[in-house]
Every structure is written in C-alpha cells, then in structure tokens.
Amino acid sequence: MKFLHRSLSLLFIVVCSLSWVTASANSHDDFLECLYSYHPNESSSITQVIYTETNSSYLALLNSSIRNQRFSTPNTPKPLVIVTPLNISHVQATIYCSKKHGLEIRTRSGGHDFEGLSFVSPVPFAVIDLVNLRSVDVDVENEEAWVQSGATVGEVYYRINERSTNLSFPAAVFRTVGIAGSISGGGDGSLFRKYGLSADNVIDAQLVDANGRVLDRRSMGEDLFWAIRGGGGGSFGIVISWKIKLVHVPSTVTIFSVGRTLEQNATQLLHRWQYVAPNLPNDVYPVVTISTTNASENGTKTVLATFVSLFQGGANEFIPLMQERFPELGLVKEDFIEMTWVESLLFMNGLSNEKSEILLDRSNRYTILPPFVKSKSDYVREPMPEIALQGLLLHLLEVDEGGTAVQNFYAYGGIMDEISETETPFPHRNGTLYKISYVIAWQEEENNNSQRYISWMSKLYSYMGPFVSKSPREAYVNYRDLDIGSNNYYGKTSYKQASNWGRKYFKNNFDRLVYVKTKTDPKNFFKHEQSIPPRLHYST
C-alpha cells in the first residue's frame, strides 16, 4: 500500500507539472490579450507596466526586491507576467484577467519574504508588484499620512521626517521592509512599546477585493478592516494605500550598544536581561543580537551578545535609569550616544556614517548577512533558566564557517501589555516577555549543501521547545515559516490542517479571520501556502 500511495503521489506531481506547462502556454497569450483589451483607450498605458520573460528587464525586475536568494534560483517557478501598476485600474484589470484565464495572483510590495510566497507559486501565476505605487502624503497638521503599499518603511520614515522631525510612525526597523508587509502582519519596531504596532496605528485603507471593487474602511466594514491589520498579506485583497496615525518622537534620543562575549558573562547577562528589559519604561526599545565572533585573546570562536537600547529622551535621564535597573551590564557614560530620531534609524540599520537619503535606497547592498536565508521565530512568556540559555548560545558554535547564524531578542511589555489580544489579529500581547528571531544564512557557493544549515535550524528550534510559548507554540506571521504547517495546495484544506499554522500565528483570532475570508473571498481567489482559507474549503 505504501508503494502504491507513493506511486500515485508521484503520478499526481507529474500530472500537475504537465498541467502547469500546458496552462502556461494557453494562459499567457489570453491573459495578455485580456489586459490590453480591459481598457482599450488605455492600452498604451498598461503596456508600460507589463513584463514577460521576453522583456530584457523582466529578470532584473523580478530579482530587484528579493531578499532571500533561496527563491531566486534557475529552478524556482517564475511568474508568466509581472504587472507594475501605475493606478488602481491596472490592479483591477490584472485581477479580472487572472480570474478569467485561471492564473493565480501573488502580490509583492517589499520583498522581505522569508518563504517567497509573494513572488513564487506552484501553479501558473502573475505577480502584481506595487513598486510604482509608493507615494507618502504627510498631513502634519492632523498628524496623519496616506501611504501607498509599494513604499518601504525607509521611504515612509524619510518622508515624514522631511515634513516634521518630531513625528514618525511605529513600523519595522529595517529600511527595506515594505510598509504593507509591516502593517499586514502587525509590525513591531523601535516605537512599538510606546505606541503599539504598525497595525494598531492604521485609521483607514483602500483595498481592491476579488471582484475588483475599490473599498475603504466604511465600505469594507469593520470585520475586513480588522483582518487586514495583522492577519497576514495575500488573503483578503490588495491594499493600495493605508491612512496611518503619526506619533510623536523627541528631538533627542539616546542609544547604547555594548557587546559581551561568553567569557564576559554573556549568558548571565542575557538571563538577567529577561527580567529587566520587558519592565523598562515604554520609551525604551531593548534588543539583544547574538552571533559568533573571534575571541581577541587567542582567535578562537566565541559567542557575542550585543545589548542595544534606544531611549526616547536624553542621556542624562537614560544613564541613571539603566545603571539602576541593569547594573550588571556595567554601562558607563561613554556608552551612551545622543542623536536625532532620524540618526537613530540610520544607526539601527548599521548606516551611521550615511546621510538620511539612504533611507530612500530600496536596494539590499548594505546587508551584511549572506543572501540565502532560513528563519524561524518564537515568543517567550517565562524567563529561560540560565542553563537553557547557555545551551542556546552554544548552538551557535556548531555552525560551520560557511554559515552565519544570528539570534535576536526583542523585548515586549510596555503598551503591548495593555492592548487586547483581539484588538487586531496579532495576538502576542499581554504576558509576552520577548520575541526571538532565529536566522541562518549562507553564500551561494554553499547552497548545494544548504540542507546542513536547514537541519541546524531544525535542531535549534527543537531544543527551544520546552522554553517558549506552548499550546500553541506562537510564531510571528511576518517571519513566514512553512515548517509549522501549510495548506493542501492542490486540494481542500481541512480546518484542522489550516489550524496547525493558523493558531501559531493568530491564536484564537484565527477563527475570526476564517469568518472574514469566507464572507469576503468565498471562492479563495487570493491564496498562497499560508493564506487564510474560507470555510467552504474546509472538510470536517
């Protein structure tokens, strides 16, 4: 029976592959003809935003915002067409023609996509790349802004700062993250302990649904507006723009960044950090980055924990606070650096020597990690024992020279403890001490042996199981991870199957997301391997 089952599975894969090729050939020309005829009077306009593999710039466009090269190999499925809309009409045309000719749509804004779900599909597909829709219209008087989904957080930060140095927006730290991705998955960052997530600070949106209708908050209704603010991208429609609430930042902020190795009691300091960081004032953003380095004494490899904190205020207030709350770290006055808010954004991106205009640079050329990446995430609700942290840090020393492993601890607490788990789909609120991101990265020449890095990550994730959140073991939807579960892509997905990954991202909010999906996109037009399926696609 096992042999028969395997043979049928292989036959199914072959049939699907042949169907892909046939559908590709048939759909391509019909789809393009449909796009050109959707608005005959604007055919010249839409021609400018359509790219197929016959275009010389197709591959450059496809690769332009891919941050994880695992999904940019010769064997990676490529879109039949990439559309870069200049207006909403182009989006509507692409949705209409995709439905008519059986193509799937993937929508891309930024490209920080750990599993490539915004630009890769196992079936014939088109990509809507929102790169041309990236305006940031700032209203200083009302402390609001309309931001198009194709903008990066760096562009958003720059345009707000251009108009007012005392206003900003709570979003991701890294400048090349797409603002739409930051919002659609929640969006924590250096202001979230004081002001909440990106999703918590959205007051309206403009969305194109599966029927091509253009909806705002009033016309889409509160259920759908709730779902798009943290329910993950690619499930409910294409958000063209977001109306965001701006928040206040001071003229002066203060940062410290100090490193401690294993030999300098990094394990003990990290253990203590768990108790200190989540209880610091809301104005403080505490992070620890853990990696390997060479010990200065003998050149042998050791673990380095870099403790970083950003404070919305001056050093005279921050120094005594940290010396009182975290004396074990041994901070001295010289460790604290005062700067402007925009300078702190550059600092957190490792670009302290650059001008603020670098925030407008959408390229990945300043990234220090190798380009092939596997990532996972966890949430911690009880402090880890010191011996458990020691084991975690020692795992880093097992990575061979071809790989680079980094662990980031992001302290929660602050206002996040005061916001209900059901306020948005993002549930990791009260009681969360910190979030961990695990990253393993390697160079292209190492990619043929990538399984050893993936295996290392799996071993680390298994080790951490007893020390992190349970029932469910929580994960951050913006750090997509197909290891925790995925939909049955070629058939119906059972509720139980979808819940495997859905509850890890959304906890009990998953059920409401399913309700919204069933109401707004019952035929499941917008989908990917971890999109919210409608109830109609469930079996009991």
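Residues numbered from 1 in each chain as written. Predicted model: local features only at pLDDT ≥ 70, side-chain atom pairs only at ≥ 80, totals over all residues. Heavy atoms only, no water.

Where helix 9 (residues 266–276) contacts helix 12 (residues 386–396), the axes come no closer than 9 Å and their chain directions differ by 120°. On the basis of their axis angle, the class for helix 9 and helix 12 is oblique. Remark: the crossing between helix 9 and helix 12 carries right-handed chirality. Contacts from Thr 267, Gln 268, Leu 270, His 271 and Gln 274 in helix 9 reach Glu 386, Leu 389, Gln 390 and Leu 393 in helix 12. Broken down by class, the residue content of the contact of helix 9 with helix 12 amounts to three nonpolar, five polar and one charged. (Axes fitted to C-alpha atoms, helices over the stretch in contact; angles between N-to-C directions. Helix = DSSP H or I, 4+ residues; strand = E, 2+ residues; numbered from the N terminus. Parallel < 35°, antiparallel > 145°, perpendicular 65-115°, else oblique. Left-handed = near helix turned anticlockwise from the far one by under 90°. Contact = heavy atoms within 4.5 Å. Nonpolar A, V, L, I, M, F, W, Y, C, P; charged D, E, K, R; others polar.)

For the rest of this paragraph, the subject is the state of the cysteines. Using the criterion set out here, one finds one disulfide in the structure. There is a disulfide in this structure between Cys 34 and Cys 97, and the S-S distance comes to 2.1 Å. Disulfide Cys 34-Cys 97: the torsion about the S-S bond is -80°, which places it as left-handed. Highlighted residues: Cys 34 in helix 1 (residues 2–38) and Cys 97 in helix 4 (residues 88–101), separated in sequence by 63 residues. Judged by relative accessible area, Cys 34 falls into the buried class, the value being 7%. (Disulfide = S-S within 2.5 Å. Buried < 20%, exposed > 50% of the residue type's maximum accessible area, 1.4 Å probe, protein only.)

On to the confidence of the model for the protein chain, then. Here the protein chain shows a mean pLDDT of 92. Residues at 70 or above account for 94%. This model gives residues 1–20 a pLDDT under 50, and the stretch forms eight contacts once residues within four places in sequence are excluded. (pLDDT = per-residue confidence, 0-100.)

With 14 residues, helix 4 extends 20 Å between its outermost C-alpha atoms, agreeing within 8% with the 20 Å of an ideal straight helix rising 1.5 Å per residue. All of the buried residues in helix 4 are Ser 89, His 90, Val 91, Gln 92, Ala 93, Thr 94, Ile 95, Cys 97 and Ser 98. Looking at where helix 4 begins, the residue whose side-chain oxygen comes 3.1 Å from the main-chain nitrogen of Ser 89 is Asn 87. The first or second residue beyond helix 4 is Gly 102, which carries a positive phi of 70°. (Expected span 1.5 Å × (residues − 1). Polar contact = N/O pair within 3.5 Å; in protein donor to acceptor, adjacent residues only side chain to side chain.)

Turning to the nonpolar core, a few remarks are in order. Counting residues in hydrophobic clusters, the biggest one holds 124 residues, and the most contacted among them are Ile 228, Ile 244, Trp 273, Phe 307 and Phe 409. It is helix 13 (residues 451–464) that provides the largest number of residues to this core, a total of seven residues. Each of domain 2 (136–248) and domain 3 (252–339 + 365–465) gives at least three residues to this core. (Core = buried A, V, L, I, M, F, W, Y, C linked by side-chain atoms within 4.5 Å. Domains from an automatic or database assignment.)

Take the packing of aromatic side chains next. Considering all chains together, one arrives at 22 aromatic pairs under this definition. With centroids separated by 5.5 Å and ring planes inclined at 50°, the aromatic side chains of Tyr 38 and Tyr 96 adopt a geometry described as tilted. Of this pair, Tyr 38 sits in helix 1 while Tyr 96 sits in helix 4, and the two are 58 residues apart along the sequence. Taking the relative accessible area as the measure of exposure, Tyr 96 reaches 42% and is therefore partly exposed. With centroids separated by 5.6 Å and ring planes inclined at 55°, the aromatic side chains of Tyr 463 and Phe 467 adopt a geometry described as tilted. (Phe/Tyr/Trp six-rings, centres within 6.5 Å; stacked < 30°, edge-to-face > 60°.)

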